[in-house]
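Here is what each chain is made of, one letter per residue.
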Amino acid sequence: MSPKTADPALRMALVEHAARLLAEEGGGALTLRRLAREVETSTMAVYTHFGGMDELRREVRQEAFNRLAAHLGSVRPSRDPVFDLGLLGWAYCANAFENPALYRVMFMEPLHGLGPADGRGTFDVLVGFIEAAARAGRFRPDNATGQAQQVWSMTHGVVALRLVDLLSIGDALETLFDGSLNLFIGFGDSAAAARRSMNRARKAIISGMTVDG
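These notes cover the structure that comes with them. In this convention, every chain numbers its residues from 1, walking through the sequence in written order. Where totals are concerned, whole chains, interfaces and linings use all residues; where local detail is concerned, this predicted model gives features only for residues with pLDDT of at least 70, and gives and counts side-chain atom pairs only at 80 or more. Hydrogens and water molecules were not included; the side-chain quantities draw on all heavy atoms of the structure.

Here we look at the packing of aromatic side chains
- The criterion for an aromatic pair is that two Phe, Tyr or Trp rings (for Trp, the six-membered ring) have centres within 6.5 Å, with stacked assigned to planes under 30 degrees apart, edge-to-face to planes over 60 apart and tilted to the rest. Counted by the stated rule, this structure contains 10 aromatic pairs.
- Aromatic side chains Trp-90 and Phe-97 sit 5.8 Å apart centroid to centroid with 70° between the ring planes, which places their arrangement in the edge-to-face category. With respect to burial, Trp-90 and Phe-97 carry one shared label: buried.
- Judged by centre distance (5.4 Å) and plane angle (75°), the rings of Phe-139 and Phe-187 are edge-to-face. With a 1.4 Å probe rolled over the protein chains alone, any residue whose accessible area is under 20% of its type maximum counts as buried; one over 50% counts as exposed, and the rest are partly exposed.

The structure is reproduced here in structure tokens:
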């Protein structure tokens, strides 16, 4: 790829339009000519920026995981790990609401033909926050990976319902927090402590909410 002809804005436009085609119409819709027409560029632009369609497909998934990682990375550990988990759950949701096509490519479309992507680290972030809650004595020192899978599955369900307009933003937040509260109490936190932490997280999220609902 020649640095003289590469255009970062065009590269990202190709990624985002490719993600939309994959999410809305499936893998068969993503062709070289269709994508070039959607972005109003030449077919050569795909080769200039990615080397070909296979590389573009891989880049779509990688960009999706990169954006998720950035959202999760915005949550900094505090003295209250359950509060942190509340913020982390909403960061996951906010990423999906802001990047719905990329989210669908990550977690709601068949992976065949999309190529590998480095996404394990995003799950490990959640495991790490759960382990922090166990170290703080809030959760039982149990199977953090299994607990993380439960939290992820519940959060993904909230996202999926919101993305098809079955939940408003407000309903999504309340459903996420009610589900999280039940899980965290089940993981060993006291009901009173869990509610205090989650109420703090809810207030922090509402005060800074920028996603329209």
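So much for the structure itself; the text now carries on.
Considerations on the side chain of Asn-99
- Along the polypeptide, Asn-99 turns up in the loop between α5 (81–98) and α6 (100–107).
- Judged by relative accessible area, Asn-99 falls into the buried class, the value being 13%.
- With sequence-adjacent residues up to four places away left out, Asn-99 is seen in contact with Arg-67 and His-71. Numbering of helices and strands runs from the N terminus; a helix is a DSSP stretch of H or I covering at least four residues, while a strand is a stretch of E covering at least two. Contact criterion: two residues are considered in contact whenever any of their non-hydrogen atoms come within 4.5 Å of each other.

Points about the layout of surface pockets
- Using a 1 Å grid laid over the protein atoms alone, points where a 1.4 Å probe fits but cannot get out form a cavity; open sets with protein on both sides within 12 Å along at least 5 of 7 lines form a pocket; any residue with an atom within 4 Å of a point counts as lining. Grid points are joined across faces, edges and corners, and a volume is the space filled by probe spheres set on the points. Roughly 340 Å³ of volume is contained in the largest pocket.
- Within the residue set of the lining of the largest pocket, elements represented by two or more residues are α4 (53–73), α5, α6, α7 (120–135), α8 (144–163) and α9 (169–186).
- Classifying every residue of the lining of the largest pocket by side-chain character gives 15 nonpolar, six polar and two charged. Under this grouping Gly is polar, as are all residues other than the nonpolar Ala, Val, Leu, Ile, Met, Phe, Trp, Tyr, Cys and Pro and the charged Asp, Glu, Lys and Arg.

Quick notes on the pattern of salt bridges
- Any Lys or Arg side-chain nitrogen located within 4 Å of an Asp or Glu carboxyl oxygen qualifies as a salt bridge. Counted by the stated rule, this structure contains 13 salt bridges.
- Between Arg-138 and Asp-189 there is a salt bridge whose closest N-O contact spans 2.8 Å. Of the two residues, Arg-138 is situated in the loop between α7 and α8 and Asp-189 in the loop between α9 and α10 (191–208); the sequence distance between them amounts to 51 residues. Each member of the pair, Arg-138 together with Asp-189, is buried.
- Note that Arg-202 and Glu-174 form a salt bridge whose closest N and O atoms lie 3.2 Å from each other. Of this pair, Arg-202 sits in helix α10 while Glu-174 is found in helix α9, placing the two residues 28 residues apart along the sequence.
- For Arg-202, a relative accessible area of 17% corresponds to the buried category.
- Taken together, the shared-partner salt bridges in this structure form one network comprising Arg-20, Glu-24, Glu-25, Arg-34 and Glu-38.

Some points on α9
- Take the number of residues in a helix, subtract one, and multiply by 1.5 Å to get its expected span. In a regular helix each residue adds 1.5 Å, so 18 residues correspond to 26 Å; α9 covers 26 Å between its end C-alpha atoms and thus fits that length.
- For α9, every residue scored as buried is listed here: Ile-169, Ala-172, Leu-173, Leu-176, Phe-177, Gly-179, Ser-180, Leu-181, Leu-183 and Phe-184.
- Where α9 is buried, its residues contact α5, α8 and α10.
- Just past α9, the residue Gly-188 takes up positive phi, approximately 125°.

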